[in-house]
Structure formats: structure tokens, C-alpha cells
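This is what each chain is made of:
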Amino acid sequence: MQQSGLIMESKSSRFPFPFQPYPIQESFMEALYTALDQGKIGIFESPTGTGKSLSLICGALTWLRDYEEKKKLEAARLLDGPEKKCDAVKENSTGQTSEPDWVSEFVQKKAERDMVNKLKDEELKRKKREERLEMIRHNAQLRYAMKRKANEDDEAVKLLQLSREGVESETFNPEEEGLIVAEYESDDEATPKSRVCDEDDDEDLEEDHVTKIYYCSRTHSQLAQFVHEVQKSPYGAAVRLVNLGSRQNLCINPEVVRLGNVQMMNDRCLEMQKNKHEKQEKASDSETKRRRGAPKATCPFSGFENLMAMRDEVLVKVRDVEQLLQHGRETHTCPYYSTRMAIPAAQVVVLPYQSLLHASTRKASGIKLKDQIVIIDEAHNLTDTISAIHSAEISGAQFCRAHSQLSQYCERYRSRLKAKNLMYIKQILFVLEGLVRTLGGKVGQNPNTQSCQPGSELLTINDFLFKAQVDNINLFKVQKYFEKSMISHKLCGFVEKYEGSGVITHSGSKNKENRRTEGLGRFLQTLQNKPTDVSEQQMAVEDKPIMASPMMLVESFLFALTNANKDGRVMIQRQECLSQSSLKFLLLNAAVHFAQIVQECRAVIIAGGTMQPVADFKEQLLFSAGVTEDRILEFSCGHVIPPENILPIVLCAGPSGQQLEFTFQTRDTPQMMEETGRVLSNLCNIVPGGVVCFFPSYEYEKRILGHWDSTGVLQRLQSKKKIFQEPKKASQVEQVLGDYSKCIQRCINAGSGQTGALLFSVVGGKMSEGINFSDDLGRCIVMVGMPYPNIKSPELQEKMSYLDKHMPHIGGKSPGKALIENLCMKAVNQSIGRAIRHRGDYACIVLCDHRYARSGTLQKLPEWIRSSTHTHTTFGPAFASIRRFFLEKRQRPPL
């Protein structure tokens, strides 16, 4: 166990826990408390099965409880003490100061008065919040709701009166006018906001953010597991926890949910909110003005009063996403917006990686990190995750589509666009033309019919801007215009109105309005105002599942180009046709986006089951973000299982004496594949239950299974274990795992014939992370070869070159080469960590490649595995030790 600067205190009553914690859990919570109290950046490694989540919850919430108690005591002391302090000032005045006594006394009193007023305001807000929550707990919110409803009715009456008095009659189609107003406004005008998002409409939404813990993880299933742990913890009944998610996870509006695509759901939801705002602000008098056309759709689940009530409900009871959805349906209230309204008063906010690690998403969600606590769980791939979130890729077809749509938008509303806005729209169009030109194509033509010279090119940001001939455009100002004008959202609504409408797809009688818009609709669909040919029909079919407008992707790509020249690269990938060609931005320096988090937060905890190797993580992400060594606290603990419950083996040779070395040169040879088959056959003969075999890639899995099928190896394996294979579709994973589990249980109960199941999987695939192969599901984990990344990848080569140039060469070793080794071992550690999930579990881990025996490679294994690892240069002794291991477990089952 490794600790730095830990202050160990009494463990018996310091941390509330649902049961008697293990010693390593107590040590974990002590280290966590110290890190939070001292404002550290903590790197915590605790293997799966050691109760990491519960230790994080109890340790962090104990610190938060103590911290809030200290603040209350300090506030009480200051509120009670002003008069005493003033008396002390009078008594200590000697007349020898440089200022008159009355001046010093006035300054002292003013400072104390300001402090007291601030503390009183904070205390008042806290009491109001607690009173409101207590009212909800005792089901006394009905009177509150009725009062607010009456106020809202009064406001609606006033709005109706104003609309009757002040709305001028218009001569053009109200729908067209609504489209123009909703889809465009000058950057000099205030952006209209729906009441659901307007924090100025309710003083409760203006309250300061209390000190809170932001907990984020990689997947929604991991977040749900964390929430369940909170519910079971001693803090489950009292903590104010908010569970954030995307609209895809929290929306209950069937019209939005059916869209499926996240971006389309976001666009539709925002459009409904704007429609609702327009309906409130521009209600027309039906007696004096006849409405033409269908009314705009609004969301029936965004009633303001209901949102406020559900916000309070969210704060008084811990709920996971499923429970939030159920409560939202029962109360006819949107969980997405109500949870965001609850953020300021929450003590714990649970959210996915993207919502925390991306600055724009944080801002849109109302997340404020100043002096707060951030816990990032499952953080073994944090550097890669940040790079992926801030990278962007967009195809030639999407560039052309965005250019066509924006051109049509500009042409249609040119008379209503102010000069400054026209200027920015033309700049965006100019940039799009340049980007398409780098792919060898032209805008305004069908990208499916434009041929390109295949090839790829990797450029720095500046070189790419020069190549696109857009280096004279200030992308920072363009980005600001995107944000303020919301042109991407407006364009989505514009396209949604005209693209796919009945007047476009059906011939026959058309009214004046239909004839006027027919040409526009056809152009938007085909990108050419000409008869549709076969290729255009194919393009229309391919574009159907795509979002209404790709302008948001363009916005993300242009934002990526504002990174520093040294921190990113642009890859130009030209295919035979323009529509399939693409531009990809690669972020090389993840620290530039992580720096804001570590600078603003009081403390950041980076936790995972296997954080090794840590050295490159610290160099690339922490030191590069400006974190000093003395602010970093490292904690690593062993497993709760006894040492005899795990048998890690490095297997250097197979049964026939063939050395196991799965390099690109040797792994495809028939001798190597056959020797691997013999190793697996022998293991299946002696291992009970389930065996999980990981291959380095899908390509190699396909090749070796094909060879085994033709040589009879699969048939031999099938006689001992029923064979399963990782599915290609993520939606099929649960089904395969269920069948795999049932087969093992059936074989164990039968006691004859097949002894279990064999599951073929891939490192980095769907079953190498987040899957639980506990007990009989994973009695043996076999790692075939070392899963090195493709060193010929241009992206990886550029990353290696960047590290060699900007990172220190520790021990004379190239940081680029170290990256390759570390990526490999991180993937290995994640895969072999699928087994041993609790204290009574046991398993064997077989690393099939003699290169695992290298000292530098062994050091990158987790300490609890490394300390028990045995290296065998021949197969016989390894086979004997594995057989003995399972015989002992059969005779003396673990407790």
C-alpha cells in the first residue's frame, strides 16, 4: 500500500459505514479525507471487489458533513462576536496609530458589518432551503404549489391582455413570421429564453451553489451502481443527490424519444422550448386574428410549476435514472430540466464524463466548479477520454450539406438579416468552401458524384488553415458568433420545416405557399436544384438517419481549430468520392482542457480499479496542466482476497515447447496458432466453470478461430466447454452473457459432459471493461499475446512525436515508446480485472507471451497481481500449478 502525507486518526467511529469496513477501506477513506481537506489532486487505486464506491461515498460525505459543520460554527462565531470585537478595538486604541481612532473604528465596524450581512444572507438562504425540503418531506407542498399556480395564472392573464393591446396585425403568413423570428436574431439582441431555462424568473434558481461533490464515471450503468450504493449507505436518507443525464436518458416526451439520435433529440427539445416561449410572449387574439397553419408543438412536460415541485422532490430523496423517469411520468414532469434546476442546492451531483470534462457542456448544464470537489471514477483512460471528447471528425457530405443549408437560409431571409450577421454567415460559408477544397471538392455540387484522389495528410493547425486559405478569418470571433446567435439551432429548425415536407415528395395541386417553397425544399434534399438521379436518391436515403443539420458538427470542428498550434493536428482523409472523405481534428495535449478543472476545484480525486501505470498519467495530464508534485497524493491498496485465491502465471511456452511470442511477424504462423489451441485445450480440461479468452484484436480473433475450425481445435474445445463469442452489436452483449451464465450453471449442476463454457473476447472490446465475470463466470482469464496498438497509425505516430518533443525523457527512455507500452498494459490490466470481484472469489490468470516476463512489463501490472505472479518457461510446471490450484479450491472452498 502506497500513501503520501496521510494523517491517520481514530478509525472506529470516524466514518459511518453500513458494516464493519475492511482495514484497506478505512485506510482509503482516511487518505480520501486528507486529500479533500488539504485540497489535493488524489490518484486512488482500489481493485474491483474492495468496496471502492462505498469508500468514496462514506469518506467524501464524511468530509462534506464536517466541512459544513465547521462553516456553521464559524458563521455563528462571527455573528455573535461583532460587539465584542468592537469593544476590544476600543480598549486597544492607544492614540499612537497613524489614523484617528474614529477612522480605525469606522473601518473595523464596516468590515465586520459587511461580513455579518453576508453571513446572514447565506444563513437565510440555507434555512429557506431546509424549510422547503422539510415541507416536501411532510407532504405540505400543496399550498405552495397552489400559490405559485395562482401567480402563474395572473401572469398569463397579464400576458394575454398585453398581447391583445400591443400585437400588431401582420400581412404575411404567421408560420413564416414565426420561423424568421425563432430561427434568427442579431447578436446585438438579447437571446430569448424559455421560462424553463430562465433563472431570472425564480429567485430559488438564483441561489448560490453550496459546496458539493461532483461524481462522474464512464457509463450510465456505472453511475446507476454508484447511486444504488449511496442509497444503501448511512448517508442515503439525508444527502441531497442529483442524477444528471442526457435527454436520451431522461426525456419522457414520446415525440422526442422516438427520434433516437441524441443531437436530433436535443434540437427538437430546444425547438419546443422556444415554441413555448413564443406562445407565451406572442399569444394572439383569436377573435381579431385568424390563425393559419398548424400550431407549433410545445412540450407538455415542461410546466414551470411542476418542474419546481419535482426539483424539490429530487433533492429530498435519492433516485437513479429509472426512478427519475418513473416519477416524471407519474407527475407529468420533465426529469431532464428538473434535475438541472436542483444542481445549486445539491450536495452530490452524479453525471457522465462528457458533462464534466467538456467546458461548453458544463456551462450549458449549469455546473460551477469553483471551490468544489470532483471525483472521477473509472479514470484509467482519462487522458484518452479527454482527447476523444475534444476531437472532431466531419465528412465531405456533411460539409456540403451544411453549406447548402446555410446558403438557402441566408438567401431566404437576406432582407431580414442585419449587416453584421450577414457578414458572419458569409464568413462561415467562406470557411466551409475552404474546408471542402482541402478534400478536393467543391460546394454546391452533389458530393456523391465528385471524385477525389485517395490519400491522407496530417497537418498542424496553422498549416491546415493556410492550405484551406482561411487563415485570414478570426475563428475565435466566428466561434463567439456561433454561441451568441445559436445559428446551428436556428438552421436545424429551418431545415426541419422545409426538408421532408409533403410539398416536396408529392406532385399535384399546390397552393401558392407550397409552390413558393417547393424549389427550396428540393434543393435542401438533393443539394442540387435539378432532377433527382439514382446517386442523389441513394444520398437522400443515407442522410435520413443523420441529424437535421450537420452545422453543429461544423461548429465543433471550428472550435477545435482554435486550440494552440502545438496541441493538435488535422488529418485530411481523402476517399474516392467527396462524400466519404473527411477531416479529423486530433487533440494531442489533453492537459490544456483538464487544467481549468484542477485550477478551479478545491480538490480532484481520480480513482480506478487499476490506475497503473501512473507515471505517464501524471506527466501528460497533471504536470502539463500546472499541477505541482506536492499537490498530488497517491494511494494504492491491495485486494481483500487472501493471496492464495489468485494464481497469475506468465506462460512462456506451450505444451510442445514452442515459445509463445505473438508479434506481428510470428502470430499468424500455423505453428503459433496451433500451439495456442493446445494451451487452451489443456486449460479447459482442468479449469471448472467459465474460461474467458482475450485476443489482441478482432482481426486476429477471426483469423485464429478460422484456423482452429479448419484443424479441428474448436471441436476439441467444444467437447469440454460450450463456446461463446463476443457479439458485434452492443445490444446483443446482455443476451450472450445471459446464455453464457446459464450454460455454466447448467453444466455445474449436471456434473457430466461439458464442464462449463469458453468465451472468446477482444481486448478493448465490449467485454473487456465494465463486465463482471465473478465466481464461476471467470475461473480462468487467458490473455493471448500483448495488445499493442497499431504503431503504423498516423494518429499514434503524431502523438508519439508530440510526447518525445514536449515530455521529459525519464531514464533516457523515449516518452513515445513508453506510451505504446503503457497503452498495451492498461488494456491488459482492464481485461484481467474482469475476474476476482469479491472477497471469496478465486481465479487463475494466464498471460500467454514470454514478453510479459520482462521486469519493466511486470512492474506495470497492479501490485496485488504482480506480487503473486509466477513465470514459467515451460508448460509442464505451469499446468501442474494450475491443476493443483483448482484441486485445492474444490477440496477447501473459500469462505
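Residues numbered from 1 in each chain as written. Predicted model: local features only at pLDDT ≥ 70, side-chain atom pairs only at ≥ 80, totals over all residues. Heavy atoms only, no water.

The name recorded for the protein chain in an unreviewed UniProt entry is ATP-dependent DNA helicase DDX11, from Carassius auratus. The UniProt entry for the protein chain carries the following text under Catalytic activity (unreviewed entry): "ATP + H2O = ADP + phosphate + H(+)". According to the UniProt record, the Cofactor (unreviewed entry) comment for the protein chain is "[4Fe-4S] cluster". (UniProt positions renumbered as here; feature names shortened; annotations may be inferred.)

Structural notes on the packing of helix α29 (residues 698-711) against helix α30 (residues 713-720)
In the contact formed by α29 and α30, the axes pass within 5 Å of each other and the chain directions differ by 85°. Relative to α30, the element α29 is oriented roughly perpendicular. On the side of α29, the interface is formed by Leu705, Trp708, Asp709 and Thr711, while α30 contributes Val713, Leu714, Gln715, Arg716 and Leu717. Per-class residue counts for the contact of α29 with α30 are 5 nonpolar, 2 polar and 2 charged. (Axes fitted to C-alpha atoms, helices over the stretch in contact; angles between N-to-C directions. Helix = DSSP H or I, 4+ residues; strand = E, 2+ residues; numbered from the N terminus. Parallel < 35°, antiparallel > 145°, perpendicular 65-115°, else oblique. Contact = heavy atoms within 4.5 Å. Nonpolar A, V, L, I, M, F, W, Y, C, P; charged D, E, K, R; others polar.)

Regarding the sheet that holds strand β12 (residues 646-651)
Within the open sheet, the 7 strands sit side by side as β14-β15-β13-β16-β17-β12-β18. Their pairing is parallel. Since the sheet does not close on itself, it has two edges, and those belong to β14 (721-725) and β18 (870-872), each with one partner. Across the sheet, the mean angle from the axis of one strand to that of its neighbour is 20°, orientation sign disregarded. Across the sheet, helix α36 (residues 875-891) touches β12, β17 (843-848) and β18, and the angle it forms with β12 is around 165°. (Pairing = 2+ DSSP bridges.)

What to know about helix α33 (residues 815-832)
For an α-helix, 3.6 residues make a turn, and residues three or four places apart therefore share a direction. For α33, built from 18 residues, the straight-helix expectation of 26 Å at 1.5 Å per residue is met to within 8% by its first-to-last C-alpha distance of 25 Å. Burial analysis of α33 places 15 of its 18 residues in the buried class, which makes it a mostly covered element. The residue sitting at the N-terminus of α33 and contributing the capping side-chain oxygen is serine 814; that oxygen lies 3.2 Å from the backbone nitrogen of glycine 816. (Expected span 1.5 Å × (residues − 1). Buried < 20%, exposed > 50% of the residue type's maximum accessible area, 1.4 Å probe, protein only. Polar contact = N/O pair within 3.5 Å; in protein donor to acceptor, adjacent residues only side chain to side chain.)

Let's talk about the confidence of the model for the protein chain
Mean pLDDT for the protein chain: 78, with 75% of residues reaching 70 or above. Within the model, the stretch residues 284-293 combines pLDDT values under 50 with 9 contacts to residues more than four positions away or in other chains. (pLDDT = per-residue confidence, 0-100.)

Considerations on the environment of glutamine 754
Looking at the element boundaries, glutamine 754 is found in the loop between α31 (733-750) and β15 (756-762). Separated by 32 residues in the primary sequence, glutamine 754 and lysine 722 have C-alpha atoms spaced 7.0 Å apart. There is a polar contact of 2.8 Å between the side chain of glutamine 754 and the backbone oxygen of glutamine 718.

So, the environment of arginine 414
Relative to the helices and strands, arginine 414 is located in the loop between α17 (396-412) and α18 (419-438). Beyond its immediate chain neighbours, meaning those up to four positions away, arginine 414 contacts Leu422 and Lys426.

Let's talk about the packing of aromatic side chains
Aromatic ring pairs: the centre-centre distance and the angle between the two ring planes describe each pair. With the rule as written, the count across this model stands at 22 aromatic pairs. On the basis of an interplanar angle of 75° and a centroid distance of 6.1 Å, the ring pair of phenylalanine 15 and tyrosine 33 is categorised as edge-to-face. Residue phenylalanine 15 is located in the segment before α1 (23-37), and its partner tyrosine 33 is located in helix α1; the two are separated by 18 residues in the primary sequence. Given a relative accessible area of 8%, tyrosine 33 falls into the buried group. Taken together, a centroid distance of 5.6 Å and an interplanar angle of 40° make the contact between phenylalanine 695 and phenylalanine 760 tilted. Here phenylalanine 695 is found in strand β13 (residues 689-695), whereas its partner phenylalanine 760 is found in strand β15, with 65 residues between them in sequence. Among the residues examined, phenylalanine 695 registers a relative accessible area of 0% and is labelled buried. Of the aromatic side chains, those joined through ring pairs into one cluster are Phe695, Tyr700, Trp708 and Phe760. (Phe/Tyr/Trp six-rings, centres within 6.5 Å; stacked < 30°, edge-to-face > 60°.)

Examining the pattern of salt bridges
Side-chain pairing between opposite charges can occur once the charged atoms of the two side chains come close. This structure, assessed with the given rule, holds 21 salt bridges. Measuring nitrogen to oxygen at the nearest pair gives 3.4 Å for the salt bridge that ties glutamate 30 to arginine 14. Taken together, the residues span a long stretch of sequence, with glutamate 30 in helix α1 and arginine 14 in the segment before α1 at a distance of 16 residues. Arginine 14 sits in the buried class, given a relative accessible area of 15%. Between lysine 566 and aspartate 567 there is a salt bridge, with its nearest N and O atoms 3.0 Å apart. Overall, lysine 566 belongs to the partly exposed group, its relative accessible area being 41%. By relative accessible area, which is 3% here, aspartate 567 ends up buried. (Salt bridge = Lys/Arg side-chain N within 4 Å of Asp/Glu carboxyl O.)

Things to note about the nonpolar core
Most often, soluble globular proteins have nonpolar side chains that are buried together. Leu357, Ile376, Leu382, Phe594, Val604 and Ile606 are the most contacted members of the largest nonpolar core, which totals 62 residues. Dropping the residues within four chain positions of it, leucine 382 is found in contact with Leu357, Ile376, Phe594, Ile606, Phe617 and Leu621. By size, the runner-up hydrophobic cluster in this structure holds 49 residues, among which are Leu417, Val431, Ile461 and Ile473. (Core = buried A, V, L, I, M, F, W, Y, C linked by side-chain atoms within 4.5 Å.)

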